[in-house]
Amino acid sequence: MSFKKERRILSKYEAGLWMAENVPQSLKYLPERAMKIWFEGEQCNLPEDDLEKLRKYLIAEIQK
């Protein structure tokens, strides 16, 4: 989604920051937590229902 809007390839870190700023407020915590898992080794579970909402949102945005 970031490439479609920004027309440039982002690092994982940059993409995580970009996503946290560009997804609906109710889902913003998902990329933030994912970054903590990836970069800081934090252990936590991400709710399946919110992950599904995020997946559907991203697919819809990409298909626009």
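Within each chain, residues carry numbers counting from 1 in the order of the written sequence. For a predicted model such as this one, the threshold for reporting local features is a pLDDT of at least 70, and the threshold for listing and counting side-chain atom pairs is 80 or more; totals across whole chains, interfaces and linings nevertheless cover every residue. Side-chain measures here rest on the full set of heavy atoms in the structure, leaving out hydrogens and waters.

1. Looking at the overall build of the protein
Thinking step 1. Each helix is a run of H or I in the DSSP string that is no shorter than four residues. Each strand is a run of E no shorter than two, and both are numbered from the N terminus. Each helix and strand counted, the protein has four helices and zero strands in total.
Thinking step 2. Starting at the N terminus and walking to the C terminus, you meet the elements of the protein as α-α-α-α.
Thinking step 3. Radius of gyration here is computed from C-alpha atoms only, and the compact-globule reference equals 2.2 Å multiplied by the residue count raised to the power 0.38. The C-alpha radius of gyration of the protein comes to 12 Å, within 12% of the 11 Å expected for a compact globule of 64 residues.
Thinking step 4. Each residue is placed in one exposure class: buried if its accessible area under a 1.4 Å probe, protein chains only, is under 20% of its type's maximum, exposed if it is over 50%, and partly exposed if it falls in between. Across the 64 residues that make up the protein, the buried fraction comes to 23%.
Thinking step 5. Between two residues, a contact is recorded if the distance between any of their heavy atoms is within 4.5 Å. A sequence separation of at least 24 residues applies to 39% of the contacts in the protein between residues at least 6 apart.
Thinking step 6. For accessible areas, the Shrake-Rupley method is used with a probe of radius 1.4 Å. Any residue's cover is judged against the shown protein chains and nothing else. For the protein, the accessible surface area stands at approximately 4,800 Å², while carbon and sulfur atoms represent 54% of it.
Thinking step 7. Across the protein, the centroid of the 12 positively charged side chains sits 6 Å from that of the 11 negatively charged ones. By the counting scheme adopted, Arg and Lys are positive, Glu and Asp are negative, and His together with the chain ends is not counted. Each charge is placed at NZ for Lys, CZ for Arg, CG for Asp and CD for Glu.

2. Some remarks on the side chain of Asp50
Thinking step 1. Here Asp50 is to be found in helix 4 (residues 48-63).
Thinking step 2. With residues up to four places along the chain from it excluded, the contact list for Asp50 reads Leu27, Tyr29 and Leu30.

3. Notes on the packing of aromatic side chains
Thinking step 1. Only Phe, Tyr and Trp rings are paired, with Trp represented by its six-membered ring, and only when their centres lie within 6.5 Å; those with planes under 30 degrees apart are stacked, over 60 edge-to-face, the remainder tilted. Using the criterion set out here, one finds one aromatic pair in the structure.
Thinking step 2. Measuring from ring centre to ring centre gives 5.6 Å for Tyr13 and Phe39, while their planes differ by 80°; the resulting arrangement is edge-to-face. Of the two residues, Tyr13 is situated in helix 2 (residues 12-22) and Phe39 in helix 3 (residues 29-40); the sequence distance between them amounts to 26 residues.
Thinking step 3. The exposure class of Tyr13 is partly exposed, given its relative accessible area of 44%.
Thinking step 4. Among the residues examined, Phe39 registers a relative accessible area of 42% and is labelled partly exposed.

4. Some remarks on the pattern of salt bridges
Pairs may arise between side chains of opposite charge once their charged atoms sit close together.
Thinking step 1. Whenever a carboxyl oxygen of Asp or Glu lies within 4 Å of a side-chain nitrogen of Lys or Arg, that contact is scored as a salt bridge. On inspection of all chains with the given rule, the structure shows four salt bridges.
Thinking step 2. Asp50 serves as the salt-bridge partner of Lys53, at 3.6 Å between the closest nitrogen and oxygen. Residue Lys53 and its partner Asp50 are both found in helix 4; the two are separated by three residues, about one turn of the helix.
Thinking step 3. The exposure class assigned to Lys53 is partly exposed, which follows from its relative accessible area of 48%.
Thinking step 4. Residues Glu61 and Lys64 are paired through a salt bridge, measuring 2.8 Å at the closest nitrogen-oxygen approach.
Thinking step 5. Its relative accessible area of 67% is what places Lys64 among the exposed residues.

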